[in-house]
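Structure assessment
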Amino acid sequence: QALEDQYSPSRWSPRLDRDTIIDAHLAVTAAGTERARASAQTLLHVPYGDGDGEKLDIYLPTEPSETFPVLVYIHGGYWQCLSKDESGFAAPPLVSQGVAVVAVGYDTAPKGHMDAMVLQVRRSLVFLVERYPRIRGIYLCGHSAGAHLAAMVLSTDWTEFRVVPDIKGAVLVSGVYDLEPILHTYVNDALNMSREVAQRNSPMRHVTPAVPAACEVLVAVAQHDSPEFRRQSQEYSQALRAVGWSVSLLDLAGVDHFDVIEKLSEDSYVLTQV
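Residues numbered from 1 in each chain as written. Predicted model: local features only at pLDDT ≥ 70, side-chain atom pairs only at ≥ 80, totals over all residues. Heavy atoms only, no water.

One pass over the full model with this rule turns up seven aromatic pairs. On the numbers, 6.5 Å between centres and 80° between planes, the contact of Phe127 with Tyr132 is edge-to-face. Consider the rings of Trp158 and Phe161, whose centres lie 5.3 Å apart with planes at 55°: the pair is tilted. In this structure, Trp158 and Phe161 share a single accessibility class: buried. (Phe/Tyr/Trp six-rings, centres within 6.5 Å; stacked < 30°, edge-to-face > 60°. Buried < 20%, exposed > 50% of the residue type's maximum accessible area, 1.4 Å probe, protein only.)

Following this line, the structure appears as C-alpha cells:
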C-alpha cells in the first residue's frame, strides 16, 4: 500500500484532491493545446509509421528561419492514458521564439506494450530527421511516463537506425527511471510488464558513458512530487553525472506533479525560460 501511494502522483498535491486533480490536468492541457492550435501554424496527425498511434502534431515557428530547433514533447499518463491531442500546450511561448514543437503520439497500454512504446518514440525522431532537413538540433522534453521514454532515447544504440538524431538537450520532468517498483503497483495492471521487461526498459539500468557529442540533461522534479518520484530523479541524475554527462537537477518549488508541466504554457515560468 505504501508503494501504491508513492506511485500515485494525485495523492501528493496540496492544491486539489486526488479525484479532481487528474480531471483538472486534462482540462488545462486540452485547453492549452486548443489555444496553441488556434495561434500557431500546425501540421496535425502526421504519420511517422503505420500504427494507429504513430502520429505527430507539429507546431511551426511563427517566423521560421532557414533552420530551426525543435522541442519534441513526449506526454505522460503512466503509459496508459493521455495522448498527443492534449500535448501542444507548451507550444505558444516556444514558437514565438522560433522553435518548432512536436507532440509525439504512441500506442498506450493495454494496446501498446513497453518495448513497443520505447521503439515508437525512437522511430519518431528518425522520421523527423529524415523528413525535415531544416531542423537544427532536437531538444527532448518528457513529463512523467514521457520523461521515462525520453530517458530511454538517451540510451539508444543508433547504429540500429538509419540516422543519428542531433539531440542537443533533454528536459526530463517528474519522471520514473527505474520501472521495477511499478511492478508491485496498480500501474502495472494495464502494462502487464514482467520483471525482465521492466529491467530492459529502465533508464537507470542503461546509463551509458557520455560521448563527446552527448547532450545536456535537465532533470526537473516538483516540490510536491512524492518522495519516491523525487528519489528517482535524484538517483538518475547522479548516475548520469557519474559517467560524464552534463546534468542539472532542478527542484521546482510550489508545484506538484501536474502543474510542474502545465505551466510550460507560461512565458515567465522558470522551466519555460530554462
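Relative to the helices and strands, Ser13 is located in the loop between α1 (2–6) and α2 (18–39). A distance of 3.1 Å separates a polar side-chain atom of Ser13 from the backbone nitrogen of Arg15. A polar atom in the side chain of Ser13 sits 2.7 Å from the side chain of Asp256. Non-local contacts of Ser13, meaning those with residues more than four positions away in its chain, are made with Ile21 and Asp256. (Helix = DSSP H or I, 4+ residues; strand = E, 2+ residues; numbered from the N terminus. Polar contact = N/O pair within 3.5 Å; in protein donor to acceptor, adjacent residues only side chain to side chain. Contact = heavy atoms within 4.5 Å.)

In the structure shown here, the tally under the stated rule is 19 salt bridges. Asp57 is paired through a salt bridge with Arg37; the nearest N and O atoms lie 2.6 Å apart. With a gap of 20 residues between them, Asp57 in strand β2 (residues 55–60) and Arg37 in helix α2 connect regions that are remote in the sequence. With its nearest N and O atoms 2.7 Å apart, the salt bridge here joins Arg231 to Glu228. Remark: Glu228 and Arg231 occur in helix α8 (residues 227–242); sequence separation between them is three residues, near one turn of the helix. (Salt bridge = Lys/Arg side-chain N within 4 Å of Asp/Glu carboxyl O.)

Quick look at the nonpolar core now. Among soluble globular proteins, nonpolar side chains are generally buried collectively. Ranked by size, the top nonpolar core spans 60 residues in total, and within it Trp79, Leu140 and Leu172 carry the most contacts. Each residue touching Leu172, except ones within four places of it in the same chain, is listed here: Gly142, Ala147, Ala150, Ala151, Tyr177, Val217, Leu218, Val219, Ala220 and Tyr236. Of all hydrophobic cores here, the second largest spans 24 residues; its members include Tyr59, Ala90, Val99 and Tyr269. (Core = buried A, V, L, I, M, F, W, Y, C linked by side-chain atoms within 4.5 Å.)

Structurally, Ala242 can be placed in helix α8. Owing to a relative accessible area of 67%, Ala242 belongs among the exposed residues under this scheme. Placed 35 residues apart in sequence, Ala242 and Val207 show a C-alpha to C-alpha distance of 9.6 Å.

This part takes up helix α4 (residues 114–131). With 18 residues, α4 should cover 26 Å at 1.5 Å per step; its first-to-last C-alpha distance of 26 Å lies within 8% of that length. If you check which residues of α4 are buried, you get Met114, Met117, Val118, Gln120, Val121, Arg122, Ser124, Leu125, Val126, Phe127 and Leu128. (Expected span 1.5 Å × (residues − 1).)

In the numbering used here, UniProt assigns the feature "domain: BD-FAE-like" (unreviewed entry) to residues 56–155. Between the first and last C-alpha atoms of residues 56–155 the distance is 22 Å; the span itself is 33% helix and 26% strand. (UniProt positions renumbered as here; feature names shortened; annotations may be inferred.)

Counted residue by residue, strand β3 (residues 68–74) has seven buried out of seven residues, so it is predominantly covered. Of the two faces of β3, the one holding Phe68, Val70, Val72 and Ile74 and the one holding Pro69, Leu71 and Tyr73 are both buried throughout. Two strands pair when backbone bridges link them, and β3 and strand β4 (residues 100–104) are joined in this way by five bridges, in the parallel orientation. Bridge pairing in β4 places Ile74 opposite Val104. (Pairing = 2+ DSSP bridges.)

Turning our eyes to something else, we now look at helix α5 (residues 145–154). Spacing of three or four residues puts side chains on the same side of an α-helix, whose turn is 3.6 residues. Counting buried positions over the ten residues of α5 gives ten, a clear majority of the element. Among all positions in α5, only Ala145, Gly146, Ala147, His148, Leu149, Ala150, Ala151, Met152, Val153 and Leu154 are buried.

Time to look at the environment of Ala150. As for its position among the elements, Ala150 is in helix α5. Taking the C-alpha atoms as reference points, Ala150 and Gln273, 123 residues apart in sequence, are found 20 Å from one another. Look past the residues within four positions of Ala150 in its chain and what remains in contact with it is Ile74, Leu140, Gly142 and Leu172.

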